[in-house]
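Each chain, written out:
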Amino acid sequence: MSMYQRAAQFAPFAALTGHGAAINETARRTDSEIELSEQERQNLNRNLNIILENIKSYPSVTITYFINDEHKSGGRYSTIKDNIKKYDEYSGTLHLECGLEIQISHIADIKSELCER
């Protein structure tokens, strides 16, 4: 028996390959997308309308939005500050200068200096 064959007898055996990753994925928590109250929805629509009326000035905004998880139900909220480059009315998507596209339906909050006037 060669040294290589003899050493193979003592090599570690991982019978549950991927089991640790599956446990970690199951333990990973996701949030549910919150449903806005009527008052919150009105404020969001008012702010969004003000921003869209001034879209040609590439307004700076802070957007809190929901990101769906790719592997399980739920997702997470994220906040970004950037300038809006354009609004696609057909798909209901805001395009930011950084290249990110955000669906209007996933926005939980949007703020801008334009809305504070």
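Placed above this text is the structure.
Please read all numbers here as calculations on a predicted model, not as lab measurements.

Visitor: I would appreciate a short explanation of unusual backbone geometry in the present structure.
Guide: Look at Tyr58: it is not a glycine, yet its phi comes out positive at around 50 degrees. Considering the arrangement of structural elements, one finds Tyr58 in the loop between helix H3 (38–53) and strand S1 (60–68). Given the relative accessible area of 43%, Tyr58 is considered partly exposed.

Visitor: Any chance you could explain H3 here in plain terms?
Guide: An α-helix turns once every 3.6 residues. As a result, residues three or four positions apart point the same way. Between the first and last C-alpha of H3 there are 22 Å, a value that for 16 residues agrees with the 22 Å anticipated at 1.5 Å per step. Considered for burial, the residues of H3 that qualify are Leu44, Asn47, Leu48 and Ile51. Buried residues of H3, viewed axially, fall in a sector of 100 degrees; they line one side. Of the surrounding secondary structure, the elements contacted by the buried residues of H3 are S1, strand S2 (75–88), strand S3 (93–96) and strand S5 (107–111).

Thresholds applied
- Counting restarts for each chain, with residues numbered from 1 along the sequence as it is written.
- At least 70 in pLDDT is required for a residue's local features to be given in this predicted model, at least 80 for side-chain atom pairs to be given and counted, and no such filter applies to totals for whole chains, interfaces and linings, which use all residues.
- For the side-chain quantities, the full set of heavy atoms in the structure was used; hydrogens and water were omitted.
- Here a strand is any run of E in DSSP of at least two residues, a helix any run of H or I of at least four, and the numbering for each starts at the N terminus.
- Only protein chains enter the accessibility calculation, which uses a 1.4 Å probe; a residue whose area is less than 20% of its type maximum is buried, one above 50% is exposed, and one in between is partly exposed.
- Expected helix span is computed as 1.5 Å times (number of residues minus one).
- It is the directions from the helix axis to the C-beta atoms whose arc is reported.
- Residue contacts follow a heavy-atom distance rule, with two residues in contact if any of their heavy atoms lie within 4.5 Å.

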